Amino acid sequence: MTTRRSVRHLIKGLGPGGAERLLLNQVRAERGRVHHRVTYLIAEKSHLVADLEALDADVQRLDASTLALTGRLRQLFIEEPTDIVHVHSPALAAAARMASRTIPAAHRPAMVGTEHNRWPRHHRLTRLANRLTIRLEAATIAVSADVASTIRGARLGQVRTVVHGIDLAGVRQGADRAGARAELGAAVDDYVVVCVANLRREKAIDELIHAAQRAIADAPRLRFVLVGQGPLADDVDRWITEADLGDRFLALGYRTDVARILSGADAFTLSSHHEGLPVALMEAFALGLPVAATRAGGVPDAVGAAGILVAVGDVTALSEAYVRLSTEPDLHERCQTEAANRAEGFSVDRAIAEIGDIYEAVTSAGDAPRATS
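Report on the accompanying structure.

Quick notes on the rules
- Residues numbered from 1 in each chain as written.
- Predicted model: local features only at pLDDT ≥ 70, side-chain atom pairs only at ≥ 80, totals over all residues.
- Heavy atoms only, no water.
- 1 Å grid on protein atoms, 1.4 Å probe; cavity = no way out; pocket = protein on both sides within 12 Å on 5 of 7 lines; lining within 4 Å.
- Points joined across faces, edges and corners; volume = space filled by probe spheres on them.
- Helix = DSSP H or I, 4+ residues; strand = E, 2+ residues; numbered from the N terminus.
- Nonpolar A, V, L, I, M, F, W, Y, C, P; charged D, E, K, R; others polar.
- Disulfide = S-S within 2.5 Å.
- Buried < 20%, exposed > 50% of the residue type's maximum accessible area, 1.4 Å probe, protein only.
- Patch = residues over 30% accessible without salt bridge, like charges linked within 9 Å, V, L, I, M, F, W, Y side chains within 5 Å.
- Areas by Shrake-Rupley, 256 points an atom, 1.4 Å probe, with all protein chains shown as cover.
- Salt bridge = Lys/Arg side-chain N within 4 Å of Asp/Glu carboxyl O.
- Axes fitted to C-alpha atoms, helices over the stretch in contact; angles between N-to-C directions.
- Parallel < 35°, antiparallel > 145°, perpendicular 65-115°, else oblique.
- Left-handed = near helix turned anticlockwise from the far one by under 90°.
- Contact = heavy atoms within 4.5 Å.
- Pairing = 2+ DSSP bridges.
- Right-handed = clockwise from strand over helix to strand, strands pointing away.
- Phe/Tyr/Trp six-rings, centres within 6.5 Å; stacked < 30°, edge-to-face > 60°.

## Overview of the layout of surface pockets
Over the atoms rolls a probe the size of a water molecule, and its path tells where empty space is left.
Right, so step 1: Here the second largest pocket defines a volume of roughly 270 Å³.
Right, so step 2: As for the second largest pocket, its lining consists of 14 residues, and the residues nearest its centre are Leu41, Thr66, Leu69, Ala91 and Leu92.
Right, so step 3: Only helix H3 (69-79) and helix H4 (90-101) provide two or more residues apiece to the lining of the second largest pocket.
Right, so step 4: Top contributing element to the lining of the second largest pocket by residue count: H4, with five residues.
Right, so step 5: Split into classes, the residues belonging to the lining of the second largest pocket amount to 10 nonpolar, three polar and one charged.

## Looking at the state of the cysteines
Right, so step 1: Scanning the entire structure with this criterion turns up zero disulfides.
Right, so step 2: Free of any disulfide, Cys195 has its nearest neighbouring cysteine sulfur in Cys335, separated by 18 Å.
Right, so step 3: The exposure class assigned to Cys335 is buried, which follows from its relative accessible area of 3%.

## Remarks on a nonpolar patch on the surface
Right, so step 1: Taken together, the side chains of Leu125, Leu128 and Leu132 define a hydrophobic patch exposed on the protein surface, amounting to about 330 Å² of accessible area.
Right, so step 2: Turning to its location among the elements, Leu128 is positioned in helix H5 (residues 124-133).
Right, so step 3: On the accessibility criterion, Leu128 (46% relative accessible area) is partly exposed.

## Details of the packing of H3 against H4
Right, so step 1: Orientation of H3 relative to H4, taken along the N-to-C sense of each, is 55°, at an axis distance of 8 Å. Looking at the two axes, H3 sits oblique to H4. In this structure, H3 meets H4 at a crossing whose hand is right-handed. The residues of H4 that touch H3, namely those facing Leu69, Thr70, Leu73, Arg74 and Phe77, are Leu92, Ala95, Ala96, Met98, Ala99 and Ser100.
Right, so step 2: Classifying every residue of the contact of H3 with H4 by side-chain character gives eight nonpolar, two polar and one charged.

## Topic: the pairing of strand E6 (residues 139-142)
Right, so step 1: Neither face of E6 is left uncovered, since the one carrying Ala139 and Ile141 and the one carrying Thr140 and Ala142 both have all their residues buried.
Right, so step 2: One ladder, built from four bridges, connects strand E5 (residues 110-115) with E6; its direction is parallel. Across the sheet, Thr114 pairs through a bridge with Ile141, a residue of E6.
Right, so step 3: Taken together, E5, H5 and E6 constitute a β-α-β crossover, and its handedness is right-handed.
Right, so step 4: With three bridges connecting them, E6 and strand E7 (residues 159-161) associate as parallel partners. Paired with Ala142 across the bridge in E7 is Thr161.

## Structural notes on empty space enclosed by the protein
Right, so step 1: In total, this model carries three cavities of 30 Å³ or more according to the counting rule given.
Right, so step 2: Volume-wise, the largest cavity comes out at about 50 Å³.
Right, so step 3: The wall of the largest cavity is formed by Leu22, Asn25, Gln26, His164, Gly165, Val348, Ala351, Ile352 and Ile355.
Right, so step 4: The set of elements that each furnish at least two residues to the lining of the largest cavity consists of helix H1 (18-29) and helix H16 (348-364).
Right, so step 5: When residues of the lining of the largest cavity are assigned to their parent elements, the largest contribution, four residues, is made by H16.
Right, so step 6: Along the lines of polarity and charge, the residues of the lining of the largest cavity split into five nonpolar, four polar and no charged.
Right, so step 7: Put simply, the second largest cavity is a space of about 40 Å³.
Right, so step 8: Every residue along the wall of the second largest cavity is listed here: Val87, His88, Ser89, Pro90, Ala93, Arg97, Gly113, Thr114, Glu115 and Glu137.
Right, so step 9: When residues of the lining of the second largest cavity are traced back to their parent elements, those giving at least two are H4 and E5.

## Focus on the packing of aromatic side chains
Right, so step 1: The full count for this structure, using the stated rule, is three aromatic pairs.
Right, so step 2: Judged by centre distance (4.9 Å) and plane angle (70°), the rings of Phe224 and Tyr322 are edge-to-face. In this pair, Phe224 sits in strand E9 (residues 222-227) while Tyr322 sits in helix H14 (residues 315-327), placing the two residues 98 residues apart along the sequence.
Right, so step 3: Summarising the aromatic geometry, the rings of Phe285 and Phe346 are spaced 5.7 Å apart at their centres and angled 25° between planes, so their arrangement reads as stacked. Taken as a pair, Phe285 in helix H12 (residues 279-286) and Phe346 in the loop between helix H15 (329-343) and H16 lie far apart in primary sequence, 61 residues in all.
Right, so step 4: Here Phe285 falls in the buried class, since its relative accessible area comes to 0%.
Right, so step 5: Linked through ring pairs, Phe224, Phe249 and Tyr322 together constitute an aromatic cluster.

## A few points about the sheet that holds strand E2 (residues 34-40)
Right, so step 1: With respect to topology, seven strands assemble into an open sheet ordered E3-E2-E1-E4-E5-E6-E7, the strand pairing being parallel. What marks the edges here is a single partner per strand, and that holds for strand E3 (58-61) and E7. Ignoring strand direction, the axes of neighbouring strands in this sheet form an average angle of 20°.
Right, so step 2: Two elements, E2 and E3, share four bridges in a ladder whose sense is parallel.

Next up, the structure:
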């Protein structure tokens, strides 16, 4: 029997969000080398279950109320031991840390957490619970330096920033520019700007629509496409109708072919008020797309000279950025070249190597038993 590292991932849901897709990328990159178990809570957020199971991950939904969560996790850790428990959701993290500490040290998994978003965007009770328990983790990973700067209560040296990555070749293989533009109804001269985002308040889609409305008035060749789902889907449809943008602003909902849709674009955009490090931004870089975005979270460090950055909430500046990219060919080309260059910094292989080093360090420290598979 071959011994290989065993990791249980805990995540709130397996919908199409950034944290979930990064987890999928990790499982895909480590297939055959690491035994991955993925446990999630929300039944309706199961979009990626089949993809994970196809990669030989053991996936299960944990049916537990908030009050019973710590006890249920403790039972799970004892009955199905792993070397490492890796938590990806702040709402789960405190319960998982406390559950692990009730297990005798000889049988206790090493705790690793990934912080995908800035702490200020979490509920205040979630922030308090995490601040009180974060020292129980052997290591804490932040997806950007900006996210790391908001973490509170960790030990010196506990937090390590790992800029996550994607399968760059896989994204490029999914490209179909001609087919995507035909589906979107984009003419040869249209300048297509795509946004990929969950439809939540922090993504400020209403501001994106207002900025698009202003930009189209000044540059009629602009066309906007929104990919994503979420609780504000009905509001988004209403906002688009009220803006009277017709087919110049399309909301496609959830798509499994994000790379294909992005390949039909001329630029990528985000209007967010809060961000960690968006997966869709990395995919845009893989396809060499210039960026127009707000300075939210880890976006500025990632974008650099690959686009135009504006202040959070500045609809006028965002609108002007769209106009400039679509009317200044030299600017578009410079940003396009820089985006392609920056893509190499978001390779999943580099990110997985760094995470692997962390896994090795926390298991070698004696905090976890070796599990076999």
